[in-house]
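# Examining the three-dimensional arrangement
Here is what each chain is made of, one letter per residue.
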Amino acid sequence: MNYRINEVFETIQGEGFYTGTPAIFIRLQGCDVGCPWCDTKHTWEIHLEDERSLMQINQPSQDRNVWAHGDVASLVELVKGYQAKHVVITGGEPCSYDLRPLTTQLHDAGYQCQIETSGTYPISVDSRSWVTVSPKIGMRGKKEVLAQAMTRADEVKHPVGRLADIEALEALLERCPTAAKIALQPISQQPRATQLCIETCIKNNWRLSVQLHKYIGVL
Ligand code: SF4
C-alpha cells in the first residue's frame, strides 16, 4: 500500500481531545471537499511533476505543493526517527486512502494513532485508532458527511464561525446520532465565534477546542 505524503513533522497536538500531546503529524496529499477557509489548500491537488523523495519529506521545503510516495514500512521507519509516541494522520483528506495497513503497523510498533477526517469518506482504520471527525457540511465539493463516519468517530470536532454552523451540527447529529465526544472549535480565533462556542459548550456540556498551537506559535 502506497500513500501520497505532503509532509511529516513533530509538534504539539493543538486541537481536540489530545490537545497538548506531543505528536508526529503525517499529512497526506489530496482532498476534494473544498472548504473555503481551508488552511491546507496546498494538499488539495496531486501534480505528478511535483513529486519528491520520501527521504526529503520531513525537511523544510520552499514549495508546500510537493509530495512523495511512501509505503507502509518506509513510513513507519520515518516515524521511528521522532520522539513522540502519538501519530496524527491528517490531510488533505486521509480517508480517501485505506488507512488500515498504516495504522495497524503503527499500533503494532507501539504508537497511538489518531485520524483527522472530514467524515465525507468511509473510514478504514485499525480498531485501536482514535478517530476525530471534523464534519464538513455543505462544502463546495458537495460531499455528504457519512453516517458510518459519525458512528466510528471517537470525537466530533466542529469548526464554528457563526450560529448557522452550530445549527448545521445539530441537524447532522439528529440525522447521524453518535456516541462520540463533541467539541466546538472557533474558526481563526475570532472573538465572536469563541464566545458563541463557550456559551454552546456550557449549555450542552460539550468541550471547547481552541487550536492551542496557534496561541503558542507552533505548526
Ligand atoms: S476537508 Fe480539510 S483539507 Fe479538505 S478542504 Fe476541508 S479543511 Fe481543507
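Let me sum up the structure you'll find in this document. (Residues numbered from 1 in each chain as written. Predicted model: local features only at pLDDT ≥ 70, side-chain atom pairs only at ≥ 80, totals over all residues. Heavy atoms only, no water.)

## A few points about the overall build of the protein chain
Each helix and strand in the protein chain was counted, giving six helices and nine strands. Taking 219 residues into account, the globule formula puts the C-alpha radius of gyration at 17 Å, and the protein chain, at 17 Å, falls close to it. Buried positions account for 52% of the 219 residues belonging to the protein chain. Considering only intrachain contacts with a sequence separation of at least 6, the fraction spanning at least 24 residues in the protein chain is 61%. Here the protein chain has roughly 10500 Å² of accessible surface; of this, 51% comes from carbon and sulfur atoms. Here the protein chain contributes 22 positive and 25 negative side-chain charges, whose respective centroids are spaced 3 Å apart. (Helix = DSSP H or I, 4+ residues; strand = E, 2+ residues; numbered from the N terminus. Rg over C-alpha atoms; globule rule 2.2 N^0.38 Å. Buried < 20%, exposed > 50% of the residue type's maximum accessible area, 1.4 Å probe, protein only. Contact = heavy atoms within 4.5 Å. Areas by Shrake-Rupley, 256 points an atom, 1.4 Å probe, with all protein chains shown as cover. Lys, Arg positive; Asp, Glu negative; His and termini not counted. Charge placed at Lys NZ, Arg CZ, Asp CG, Glu CD.)

## Some thoughts on the packing of aromatic side chains
One pass over the full model with this rule turns up five aromatic pairs. Judged by centre distance (5.3 Å) and plane angle (80°), the rings of Phe17 and Tyr18 are edge-to-face. Using a relative accessible area of 32% as the deciding quantity, one classes Phe17 as partly exposed. Among the aromatic residues, ring-to-ring pairing joins Phe17, Tyr18 and Trp130 into one connected group. (Phe/Tyr/Trp six-rings, centres within 6.5 Å; stacked < 30°, edge-to-face > 60°.)

## Notes on the pattern of salt bridges
The final tally for this structure, using the stated rule, is eleven salt bridges. Residue Glu7 is joined to Arg27 by a salt bridge in which the shortest nitrogen-to-oxygen separation is 2.8 Å. Residue Glu7 is located in strand β1 (residues 2-12), and its partner Arg27 is located in strand β2 (residues 22-28); the two are separated by 20 residues in the primary sequence. Exposure class is identical for Glu7 and Arg27. Each is buried. (Salt bridge = Lys/Arg side-chain N within 4 Å of Asp/Glu carboxyl O.)

## Notes on the site of the ligand
In the vicinity of the ligand, the contacting residues are Cys31, Val33, Gly34, Cys35, Cys38, Thr40, Trp44, Gly92, Ser118 and Lys136. Its residues placed into classes, the shell around the ligand shows five nonpolar, four polar and one charged. (Near = heavy atom within 4 Å. Nonpolar A, V, L, I, M, F, W, Y, C, P; charged D, E, K, R; others polar.)

## Here's the deal with a nonpolar patch on the surface
Taken together, the side chains of Leu208, Val210, Tyr215, Ile216 and Val218 present a nonpolar region at the surface, about 420 Å² in accessible area. Owing to a relative accessible area of 36%, Val218 belongs among the partly exposed residues under this scheme. (Patch = residues over 30% accessible without salt bridge, like charges linked within 9 Å, V, L, I, M, F, W, Y side chains within 5 Å.)

## Details of the pairing of β2
The two faces of the sheet receive side chains in turn, since in a regular strand these alternate between them. Of all seven residues in β2, six are buried; the element is thus mostly enclosed. Taken together, the four bridges between β2 and strand β4 (residues 86-90) define a ladder with parallel strand orientation. Bridged to Ile26 within β4 is Ile89. (Pairing = 2+ DSSP bridges.)

## A look at the side chain of Gln211
Examined against the element boundaries, Gln211 turns out to sit in the loop between β9 (207-208) and α6 (212-216). For Gln211, the side chain forms a polar contact with the side chain of Gln189, separated by 3.1 Å. If we ignore the near neighbours within four places in the chain, the residues touching Gln211 are Gly14, Glu15, Gln185, Pro186, Ser188 and Gln189. (Polar contact = N/O pair within 3.5 Å; in protein donor to acceptor, adjacent residues only side chain to side chain.)

## Things to note about the environment of Arg152
By the secondary structure assignment, Arg152 is in helix α3 (residues 147-152). For Arg152, a relative accessible area of 21% corresponds to the partly exposed category. Taking the C-alpha atoms as reference, Arg152 lies 22 Å from Ala23; in sequence the two are 129 residues apart. Not counting residues within four places of it along the chain, the set of residues in contact with Arg152 comprises Ile123, Val125, Asp126, Ser127, Ser129 and Val131. Separated by 3.3 Å, the side chain of Arg152 and the backbone oxygen of Asp126 make a polar contact.

## Some thoughts on unusual backbone geometry
Looking along the chain, the bond that leaves Gly91 and enters Gly92 is cis, with omega of 10°. As for its placement among the helices and strands, Gly92 is situated in the loop between β4 and α2 (100-108). At Gln189, a residue that is not glycine, the phi angle is positive and equals roughly 55°. By secondary structure assignment, the location of Gln189 is in the loop between β8 (181-186) and α5 (191-204). Of note in the backbone geometry, Asn205 takes a positive phi value of approximately 60° without being a glycine. Tracing the backbone shows Asn205 in the loop between α5 and β9. Here Asn205 falls in the exposed class, since its relative accessible area comes to 71%.

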